[in-house]
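# A look at the structure
Chain by chain, the residues run as shown.
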Amino acid sequence: MSWWLMSKTKNKDKKELAGLKKHFNRADKDNDGEISKDDWFEALKAAKFNITMEEVDKVFEEHDKDLDGKLSWDEFCGEETKNEKAFKLMDIDKNGKVSKEEFRQFCQALSTKQVAAAFKKFDISGDDELDYEEFCQLMNNRDKRKVKKRHEEREQKKEEERVKKEKEENKESKKRPKTKDKDTEYKIKNELYGI
């Protein structure tokens, strides 16, 4: 069933795609723009489809083009992913691999040392070129670091807001008269506000 939904997206009009996007977004529980195998499996089960995790695994094997274990909306629709686009752009000689020189041409902000370190870490074959799988590992590693950094920044901002709110509440509580019981509180309010 999940394959049918995904394979039909190429021929759908904008209205149908918008409806499908709504279902995709519901399955995307952490709102990161991608669905995991578990997200998709749970969404199909919730919709009362008879599906096994093995079937979901097969769909992901066929459609997870950037090899990160998740499906983006582009992958879900069968569109070209950012990794595919970047790889095609960097593979200047169209040999199916990105050399250090080709990589440097597009990543001019990186030093020769940084490029060498990246290739040392991700060039599993040791041929001084990145094939598509190695390239995806490099890109996915970079994306994970960005996501982690954004998450840490959000958490820090939340904590700062919580502390700020707590300070404001403490200021307000210091302004209010402290009472020992309801009768005393009533008397104070009566005196202050003429209640």
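Check the entry above for the structure.
The structure reproduced in this document is the subject of the present report. Bear in mind that the values here come from a model prediction, so they are computed numbers and not experimental data.

Take the packing of aromatic side chains next. This model, assessed by the stated rule, comprises 7 aromatic pairs. Members of the aromatic cluster, each reached through a chain of ring pairs, are Phe24, Trp40, Trp73 and Phe76.

To continue, consider helix 4 (residues 53-63). Listing the buried residues of helix 4 in full gives Val56, Val59, Phe60 and His63. For helix 4, the buried positions fall inside an angular range of 95° around the axis, keeping them on one side. In helix 4, the exposed residues that point more than 90 degrees away from the buried face are Glu54, Lys58 and Glu61.

Overall, the coordinates contain 10 salt bridges when judged by the stated rule. Arg162 serves as the salt-bridge partner of Glu166, at 2.9 Å between the closest nitrogen and oxygen. With a gap of 4 residues between them, Glu166 and Arg162 both fall in helix 9 (residues 132-175), about one helical turn apart. Within the structure, one salt-bridge network assembled from shared partners comprises Asp30, Asp32 and Lys70.

Along helix 3 (residues 37-46), the residues that are buried comprise Asp39, Trp40 and Leu44. The buried residues of helix 3 occupy an angular sector of 125° when projected down its axis, which confines them to one face. Following helix 3 by one or two positions, Lys48 adopts a phi angle in the positive range, close to 70°.

Moving on, we come to unusual backbone geometry. The phi angle at Asn31 is positive, at roughly 55°, despite the residue not being glycine. If you trace the backbone, Asn31 turns up in the loop between helix 2 (14-27) and strand 1 (34-36). Residue classification places Asn31 among the exposed positions, given a relative accessible area of 65%. Although it is not a glycine, Lys94 sits at a positive phi angle of roughly 55°.

About the cut-offs
Counting restarts for each chain, with residues numbered from 1 along the sequence as it is written. Owing to the predicted nature of the model, reporting of local features is limited to residues with pLDDT of at least 70; listing and counting of side-chain atom pairs is limited to 80 or more, with chain, interface and lining totals taken over all residues. Heavy atoms from the whole structure form the basis of all side-chain values; hydrogens and water molecules are not counted. Only centres within 6.5 Å qualify two rings of Phe, Tyr or Trp (six-membered ring in Trp) as a pair; their planes then separate them into stacked at under 30 degrees, edge-to-face at over 60, and tilted for everything else. Partly exposed describes any residue whose relative accessible area lies between the buried limit of under 20% and the exposed limit of over 50%, with all areas from a 1.4 Å probe on protein chains only and scaled to the type maximum. To qualify as a helix, a DSSP run of H or I must reach at least 4 residues; to qualify as a strand, a run of E must reach at least 2; elements of each kind are numbered from the N terminus. The arc under discussion is defined with respect to the helix axis, by the directions toward the C-beta atoms. By definition here, a salt bridge exists when the distance from a side-chain nitrogen of Lys or Arg to a carboxyl oxygen of Asp or Glu is within 4 Å.

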